[in-house]
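Per-entry structural report
Next come the chains, spelled out residue by residue.
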Protein chains: 2
Amino acid sequence: MSQTETKDRILDAAEGLFARQGYRGTSLRALTTEAGVNLASVHYHFGGKEALLKEVLLRRLGPLSKRRQANLKRLRGEPGAAAPCVRDVLRAFMAPTFVLCEGLPNEGAFSLLIGRILAEPEEPGRSYFLELVRPDLELFYACLKRAFPALPEPILLWRMHFCLGAMSHALSLRTAAVPPGIRELFPPAASAGAGGHLVSFLAAALEAP
Amino acid sequence: MSQTETKDRILDAAEGLFARQGYRGTSLRALTTEAGVNLASVHYHFGGKEALLKEVLLRRLGPLSKRRQANLKRLRGEPGAAAPCVRDVLRAFMAPTFVLCEGLPNEGAFSLLIGRILAEPEEPGRSYFLELVRPDLELFYACLKRAFPALPEPILLWRMHFCLGAMSHALSLRTAAVPPGIRELFPPAASAGAGGHLVSFLAAALEAP
DNA sequence: GTCTATAGATAGATAGAC
DNA sequence: GTCTATCTATCTATAGAC
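First, a word on scope: everything that follows refers to the structure included in this document.

Definitions and limits used
- Residues numbered from 1 in each chain as written.
- Chains lettered and ligands numbered in written order.
- Predicted model: local features only at pLDDT ≥ 70, side-chain atom pairs only at ≥ 80, totals over all residues.
- Heavy atoms only, no water.
- Helix = DSSP H or I, 4+ residues; strand = E, 2+ residues; numbered from the N terminus.
- Buried < 20%, exposed > 50% of the residue type's maximum accessible area, 1.4 Å probe, protein only.
- Contact = heavy atoms within 4.5 Å.
- Areas by Shrake-Rupley, 256 points an atom, 1.4 Å probe, with all protein chains shown as cover.
- Lys, Arg positive; Asp, Glu negative; His and termini not counted.
- Charge placed at Lys NZ, Arg CZ, Asp CG, Glu CD.
- Near = heavy atom within 4 Å.
- Polar contact = N/O pair within 3.5 Å; in protein donor to acceptor, adjacent residues only side chain to side chain.
- Phe/Tyr/Trp six-rings, centres within 6.5 Å; stacked < 30°, edge-to-face > 60°.
- Lys NZ or Arg CZ within 6 Å of the ring centre and 35° of its normal.
- Salt bridge = Lys/Arg side-chain N within 4 Å of Asp/Glu carboxyl O.
- Disulfide = S-S within 2.5 Å.
- Core = buried A, V, L, I, M, F, W, Y, C linked by side-chain atoms within 4.5 Å.
- 1 Å grid on protein atoms, 1.4 Å probe; cavity = no way out; pocket = protein on both sides within 12 Å on 5 of 7 lines; lining within 4 Å.
- Points joined across faces, edges and corners; volume = space filled by probe spheres on them.
- Nonpolar A, V, L, I, M, F, W, Y, C, P; charged D, E, K, R; others polar.
- Arc of directions from axis to C-beta.
- Axes fitted to C-alpha atoms, helices over the stretch in contact; angles between N-to-C directions.
- Parallel < 35°, antiparallel > 145°, perpendicular 65-115°, else oblique.
- Left-handed = near helix turned anticlockwise from the far one by under 90°.

This paragraph deals with the overall build of chain A. Across its full length, chain A carries nine helices and zero strands. For chain A, the α and β elements follow one another from N to C terminus as α-α-α-α-α-α-α-α-α. Expressed along its principal axes, the backbone C-alpha trace of chain A runs to roughly 60 × 40 × 30 Å. Of all 209 residues assigned to chain A, the portion counted as buried reaches 55%. A separation threshold of at least 6 residues defines the contact pool for chain A, and within that pool the share at least 24 residues apart is 73%. Here chain A displays about 8900 Å² of accessible surface, and carbon together with sulfur accounts for 56% of that area. A gap of 2 Å separates the mean positions of the 25 positive and 20 negative side-chain charges of chain A.

A few words on the protein's contact with DNA strand D. Taken together, 16 residues form the shell around DNA strand D, and within it Gln3 and His45 of chain A together with Leu28, Arg29 and His43 of chain B come nearest. Close to the protein, within 4 Å, the atoms of DNA strand D are drawn from sugar and phosphate at a rate of 60%. Arg29 of chain B places a polar side-chain atom, nitrogen or oxygen, 3.2 Å from a base oxygen of DNA strand D. Take Lys49 of chain B: an N or O atom from its side chain is 2.9 Å from a phosphate oxygen of DNA strand D.

Taken together, 16 residues lie around DNA strand C, and Leu28, Arg29, His43 and Lys49 of chain A together with Gln3 of chain B are the ones closest in. Taking the atoms of DNA strand C that fall within 4 Å of the protein, sugar and phosphate contribute 60% of them. Here a phosphate oxygen of DNA strand C sits 3.5 Å away from a polar atom, N or O, in the main chain of Thr26 of chain A. Met1 of chain B is positioned such that a nitrogen or oxygen atom in its backbone is 3.4 Å from a phosphate oxygen of DNA strand C. Broken down by secondary-structure element, the contributors of at least two residues to the surface near DNA strand C are α2 (28-35) of chain A together with α1 (3-21) and α3 (41-46) of chain B.

Before going further, it helps to examine the packing of aromatic side chains. According to the stated counting rule, one finds eight aromatic pairs over all chains in the structure shown. Site record: aromatic cluster; members linked through ring pairs are Trp158 and Phe162 of chain A together with Phe201 of chain B. In this arrangement the basic side chain of Lys7 of chain B is found over the ring face of Phe46 of chain B, its NZ or CZ atom lying 5.3 Å from the centre.

Take the pattern of salt bridges next. In the structure shown here, the tally under the stated rule is 24 salt bridges over all chains. Linked by salt bridges that have partners in common, Asp12, Glu15, Arg59 and Arg60 of chain A make up one network.

Turning next to the state of the cysteines. Residue and element names in this part refer to chain B. Summed over the entire model, instances satisfying the criterion amount to zero disulfides over all chains. The closest cysteine sulfur to the non-disulfide-bonded Cys85 is located on Cys143, 12 Å from its own sulfur. Under the relative-accessibility criterion, Cys85 is labelled partly exposed at 38%. Here Cys143 falls in the buried class, since its relative accessible area comes to 0%.

This paragraph deals with the nonpolar core. Leu52 and Leu90 of chain A together with Leu52 and Leu90 of chain B are the most contacted members of the largest nonpolar core, which has 139 residues in total. Residues in contact with Leu52 of chain B, not counting those within four places in the same chain, are Ile10, Leu11, Ala14, Phe18, Leu31, Val42 and Phe46 of chain B.

Take empty space enclosed by the protein next. For the structure shown, the criterion picks out four cavities of 30 Å³ or more. Around the second largest cavity, the lining comprises 16 residues; the ones closest to its centre are Arg24, Arg116 and Glu123 of chain A together with Arg24 and Glu123 of chain B. Across the lining of the second largest cavity, the residue classes break down as two nonpolar, six polar and eight charged.

Let's shift gears to helix α2 (residues 28-35) of chain B. Residue and element names in this part refer to chain B. Three or more residues of α2 are buried, namely Leu28, Leu31, Thr32 and Ala35. Along the axis of α2, the buried residues cluster in a sector spanning 90 degrees; they form a single face. For α2, exposure combined with an orientation more than 90 degrees from the buried face picks out Arg29, Thr33 and Glu34. Looking at the buried positions of α2, the neighbouring elements they touch are α1, α3 and α4 (49-76). Of the residues trailing α2, Gly36 is marked for its positive phi of about 75 degrees.

Okay, the packing of helix α4 (residues 49-76) of chain A against helix α5 (residues 86-103) of chain A next. Residue and element names in this part refer to chain A. Interaxial distance between α4 and α5 falls to 9 Å at its minimum, and their mutual angle equals 160 degrees. The angle between α4 and α5 falls in the class roughly antiparallel. Crossing of α4 against α5: the hand is right-handed. Contacts between α4 and α5 pair Arg60, Leu64, Arg67, Arg68, Asn71, Leu72 and Leu75 from the former with Asp88, Val89, Ala92, Phe93, Pro96, Thr97, Val99 and Leu100 from the latter.

If you trace the backbone, Ser65 of chain B turns up in helix α4. With residues near it in sequence (within four places) discarded, Ser65 of chain B still touches Leu132 and Asp136 of chain B.

Let's shift gears to the environment of Pro135 of chain A. All names here are of chain A. Among the secondary structure elements, Pro135 is positioned in helix α7 (residues 126-147). For Pro135, a relative accessible area of 37% gives the class partly exposed. C-alpha of Pro135 to C-alpha of Ser65: the two residues are 70 residues apart in sequence and 8.4 Å apart in space.

As for its position among the elements, Ser41 of chain B is in helix α3. Within the local environment of Ser41 of chain B, its side chain forms a polar contact with the backbone oxygen of Asn38 of chain B, the two atoms lying 2.5 Å apart.

All names here are of chain B. Of note, Lys54 is situated in helix α4. Relative accessible area serves as the criterion here: at 37%, Lys54 is assigned to the partly exposed category. Distance in space between the C-alpha atoms of Lys54 and Tyr128 is 7.0 Å, their sequence separation being 74 residues.

As structure tokens, then:
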């Protein structure tokens, strides 16, 4: 087996297991068994469990952040330009996420993992995650500020946070790992087109008086 | 030390530690040390770690659900009555949560714990949590349905889910356990009045075309 | 009821043969 | 690079003295 193939198999298994069972709930033994590699190969290729988690995050968030940065910087435009449209700002931030998670083989595992990290304040990997997404959040806020120059800052910050919360839950709901009990509350028809519904919903909310 | 005092000390410590470090990340040793009780007393009083988690949830969710049920049933009213106002429906569901979490001594620990459980599909305690809140969610949906009789069902379900996501994040943000990196994005002024901002935000969103 | 001591299982990490 | 074997630490749970 080639080096990169082994690394990829470990990364894929880790993404799925960390998402479903959590970082602490996943043993390296279970992980390497699922990946079909040897127990010691995690330490050989990544250096340890925590370093593996970082690699799992970087593999997806690197390209994702690049796309978001490009979208948002275009919208922010020059200092004197016209204010961007709300829906465009929302789409610029959120569309890359939905597109990325839709295109992955292990449907929704990564978005579930992100949802967990957002909800777990002291979990390893959290600070690394924030480091990676912080520039995106700051650009997102800058664009919202331009779209709503009259809104008081604390209110705009709250609203931005509500948007992130709604997005996070929409992403979790798309996954195959939606647990029994919630899944039955939502008919299958509701599992498609999440991104579009979300943008309409949040655009109306942001324009509240 | 009296029986109930020992049990309460264990429950308080468990609520805080499960919220910050997670169920798996909290050892009974750390828990009993923080509570100032003996290691074996968890098994004596509760029967084990998982049974303790259930008690932690029931202690808060029992009274909370009772209040929500009363609020929502009043709003749902009789079959022929007028449709309820959106803001009233949102308040009926959400206000008890914010009020409860505001009044607790260990500020925000419980809401953080709920946020975790929502994000962790296979964690123990999740199915028990759903069992406890399911009646509330069904009543919430019934009230929304009455307030928006013309909205297609899948769209209303999505919107309800977005509401829950935004609420969950608003609750996490209120807590003292908001991690560094996010906290600095939100000035202290934004930490008060979350419930009110949220209702305005979501009312506008639900009324989107 | 509270405590000590310990059983029994499992974790991450690593040394060394091949 | 891959594998086996093993070290050391830590976990939940419980038996039994007081």
